[in-house]
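# Commentary on secondary and tertiary structure
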Amino acid sequence: MAQSTAAPTPTTPQTLTPLPLRAIAPWAVFFGVLMLVLLYFVGAEQGATALVSGEGVHEWVHDARHLLGFPCH
């Protein structure tokens, strides 16, 4: 039995086209605002600046506060 092997065909290198800033900007703004909201809830949502009454948010983010070095006691 004879095996036939095909010679590899040369391929042309594909170039990557850069994304325009207009395509990236909305996503960057969205994730920036999302990170600021998360930082607020982890770092400042308690006491006088609380947007949500009660201890629910504090209990949900309690361990993250300690991990990131925010005081909460």
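An account of the accompanying structure is given in this report. (Residues numbered from 1 in each chain as written. Predicted model: local features only at pLDDT ≥ 70, side-chain atom pairs only at ≥ 80, totals over all residues. Heavy atoms only, no water.)

What follows covers the overall build of the chain. In terms of regular secondary structure, the chain is built from 3 helices and 0 strands. In the chain, the succession of helices and strands from N to C terminus is α-α-α. Computed over C-alpha atoms, the radius of gyration of the chain comes to 26 Å, more than 25% over the 11 Å expected from 2.2 N^0.38 for 73 residues, which places it beyond the range of a compact globule. Dimensions along the principal axes, computed over C-alpha positions, put the chain at roughly 80 × 40 × 20 Å. Within the chain, buried positions represent 11% of all 73 residues. When the accessible surface of the chain is summed, it comes to about 6800 Å², and 69% of that surface belongs to carbon and sulfur atoms. (Helix = DSSP H or I, 4+ residues; strand = E, 2+ residues; numbered from the N terminus. Rg over C-alpha atoms; globule rule 2.2 N^0.38 Å. Buried < 20%, exposed > 50% of the residue type's maximum accessible area, 1.4 Å probe, protein only. Areas by Shrake-Rupley, 256 points an atom, 1.4 Å probe, with all protein chains shown as cover.)

Turning our attention to the packing of aromatic side chains. Per the stated rule, a full pass over the model turns up 3 aromatic pairs. A centroid spacing of 6.3 Å and a plane angle of 90 degrees characterise the contact between Trp27 and Phe30, whose relative ring orientation is edge-to-face. Of this pair, Trp27 and Phe30 are both found in helix H1 (residues 21–43), 3 residues apart, which corresponds to roughly one turn of the helix. Residue classification places Trp27 among the exposed positions, given a relative accessible area of 55%. (Phe/Tyr/Trp six-rings, centres within 6.5 Å; stacked < 30°, edge-to-face > 60°.)

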